[in-house]
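# Observations on the model geometry
Residue strings, one per chain:
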Amino acid sequence: MTQDMTQTDAEPRLSGAYWRLWWATGINSMGDGAFAAAVSLLAVTITRDPRLVSVVSAATYLPWLLLSLPVGALVDRHDRIALMWRTQAIQAVIVGVIAVLAAFGRIGIPVLAIMAFGLGACAVVFANAAQAVLPDIVAKPLLHKANGHQQAITTIGLQFAGPPLGSLLFAVAVALPFGMDAGSFALSAALLATLPRRTRRQVEHPPMRTAIADGLRWLARHRLLRTLAVLLGVNTFCWQLGNVTLVLLATQTLHLDARGYGLLLAGAATGSLLGGLVSARVVEKMGALPTLLTALAVNVVIFVGIGLSPNAIVLGALLAVNGFVITLWNIVTVSLRQQIVPSKMLGRVNSVYRMLGWGLIPLGALAGGLVAHAFGLRAPYPVAGVLRGIALLAAMPVLIRAMRD
């Protein structure tokens, strides 16, 4: 498949194929946002034991640790668009089963955890394939813009529109938000199935173990992406270290009610949305790596400041800035991988990169709880900020050299 892109005399434009992908992302994100709110409410109606409730969340993220590497090899040897719409169809079936079981009151935590693991496994395939397929339908000069639009519509669905809608539907009938999510997966799959396919040469693929090892070696040999992958792992560990007790900091230390806490999260979502909308312009003016370095440095200061926030207004403002710079980081690093990694290797390299980036999230949560228990609810964010600062200083020589090159 050639670059599917229309052009004017002035500049290239994002293609119709990209906008179908964008619509599919938006529809899927809306359903996922509703599901995220409803599944938490459903779990609480089943049990009040926080340990059992946490099992559902753990089951959702576990596939990133267990399946990411083989999925990367799978993405590089099969039709990526087919993988995307088929996993969405499977997710529609899984959520549909949850809706039926919930409607008849026949679902428990073990079943919910198994369903969450299945959805998470499909999400690993979809996310790796989606990042790998974007360079096939978007010209390289437009990747930052395309990723920015993707981030913006994802933020709107997952954080703004989906959760309130899911809560409202759950209040009407337990099964409604899950039925809506199943419908969103089905509609997204239908849109994705219309995307043009890239013609790939018929080649003999190496064994799965060899293919995975090739992805590991490729990333290990690329100094910049290797450094960014390790930095991402540290940053996600620190993010969860601070974020795991955010609700307690807001409600117990700053005395916010549930509505006030929701407004705080809306502030973070606003920053993320703005970052997605303006990221292409920021990168155009500053350059990709200077933007990345600035975002990382600002984030260190923000993390320390969140723990020292004197009131909810300051905390909300800091969370909004935090959402903005995290979005810049995400868009720049995703675009860099799409530009640097050969298409035939992109699935495997992405899978290694994301496994390193997401694998430490559970450990960050545990560390955050221990720090908060030992030193108070304000302590996790400053500790996380200091750790992020140390990691940034260690990575600085590589980032500066890359900027000069």
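Look up: the structure comes first, before these words.
Every value quoted in this text rests on a predicted model; they were computed, and no experiment measured them.

## Some details on the overall build of the chain
Tallying secondary structure elements over the chain gives 16 helices and 0 strands in all. The globule rule puts the C-alpha radius of gyration for 405 residues at 22 Å, and the 21 Å found for the chain is close to it. Taking the principal axes of the C-alpha coordinates as reference, the chain spans close to 55 × 55 × 45 Å. Taken over 405 residues, the chain has a buried fraction of 50%.

## Topic: the pattern of salt bridges
Enumeration according to the criterion identifies 5 salt bridges in this entry. The salt bridge involving R348 is made with D76; its shortest N-O contact spans 2.8 Å. Taken together, the positions of R348 in helix α14 (residues 346–358) and D76 in helix α3 (residues 68–77) put the pair 272 residues apart, joining distant regions of the chain. Judged by its relative accessible area of 10%, R348 falls in the buried class. Overall, the relative accessible area of 7% leaves D76 in the buried class. For D214, the salt bridge is made with R217, and the minimal N-O distance between the two is 2.5 Å. Of this pair, D214 and R217 both sit in helix α8 (residues 208–221), 3 residues apart, which is roughly one turn of that helix. A network of salt bridges, in which partner residues are shared, links D76, R80, D136, D214, R217 and R348.

## Thoughts on a nonpolar patch on the surface
Together, V383, V386, L387 and I390 make up a nonpolar patch on the protein surface, roughly 310 Å² of accessible area in all. Within the secondary structure layout, V383 lies in helix α16 (residues 380–404). You can call V383 partly exposed: its relative accessible area is 33%.

## With respect to a positive patch on the surface
Taken together, the side chains of R13, K145, R281 and K285 make up a positively charged region of the molecular surface. Along the chain, K285 turns up in helix α11 (residues 258–286). For K285, a relative accessible area of 75% puts it in the exposed group.

## Brief notes about the packing of aromatic side chains
In the structure shown here, the tally under the stated rule is 5 aromatic pairs. Seen in terms of ring centroids, W19 and W22 are 5.4 Å apart; in terms of plane orientation they differ by 75 degrees. Their pairing is edge-to-face. One end of the pair, W19, and the other, W22, are both in helix α1 (residues 16–46), 3 residues apart, so they sit about a helical turn from each other. W19 gets classed as partly exposed once you look at its relative accessible area, which sits at 31%. Their ring planes at 80 degrees and their centres at 5.6 Å tell us that F35 and F178 sit as a pair that is edge-to-face. With F35 in helix α1 and F178 in helix α7 (residues 176–192), this residue pair connects regions lying 143 residues apart in the sequence. The pair F35 / F178 is uniform in exposure class, with both members buried. One residue, R337, lies across the ring of Y353, its end atom 4.0 Å from the ring centre. R388 extends its terminal NZ or CZ atom over the ring of F303, reaching a point 4.9 Å from the ring centre.

## Details of the environment of S188
Note that S188 resides in helix α7. Sequence separation of S188 and D76 is 112 residues, and the distance between their C-alpha atoms is 22 Å. Setting aside anything within four residues of it in sequence, one finds S188 in contact with A24, N28 and Q88.

## Remarks on the nonpolar core
Of all hydrophobic cores here, the largest spans 61 residues; its most connected members are M84, L134, V138, L228 and W329. Of all the elements, helix α5 (residues 109–137) adds the most residues to this core, at 10 residues. Ranked by size, the runner-up nonpolar core spans 25 residues in total, among them V39, I109, L119 and A175.

Parameters at a glance
- Residues numbered from 1 in each chain as written.
- Predicted model: local features only at pLDDT ≥ 70, side-chain atom pairs only at ≥ 80, totals over all residues.
- Heavy atoms only, no water.
- Helix = DSSP H or I, 4+ residues; strand = E, 2+ residues; numbered from the N terminus.
- Rg over C-alpha atoms; globule rule 2.2 N^0.38 Å.
- Buried < 20%, exposed > 50% of the residue type's maximum accessible area, 1.4 Å probe, protein only.
- Salt bridge = Lys/Arg side-chain N within 4 Å of Asp/Glu carboxyl O.
- Patch = residues over 30% accessible without salt bridge, like charges linked within 9 Å, V, L, I, M, F, W, Y side chains within 5 Å.
- Areas by Shrake-Rupley, 256 points an atom, 1.4 Å probe, with all protein chains shown as cover.
- Lys, Arg positive; Asp, Glu negative; His and termini not counted.
- Charge placed at Lys NZ, Arg CZ, Asp CG, Glu CD.
- Phe/Tyr/Trp six-rings, centres within 6.5 Å; stacked < 30°, edge-to-face > 60°.
- Lys NZ or Arg CZ within 6 Å of the ring centre and 35° of its normal.
- Contact = heavy atoms within 4.5 Å.
- Core = buried A, V, L, I, M, F, W, Y, C linked by side-chain atoms within 4.5 Å.

Any functional reading would require information that these geometric values do not contain.
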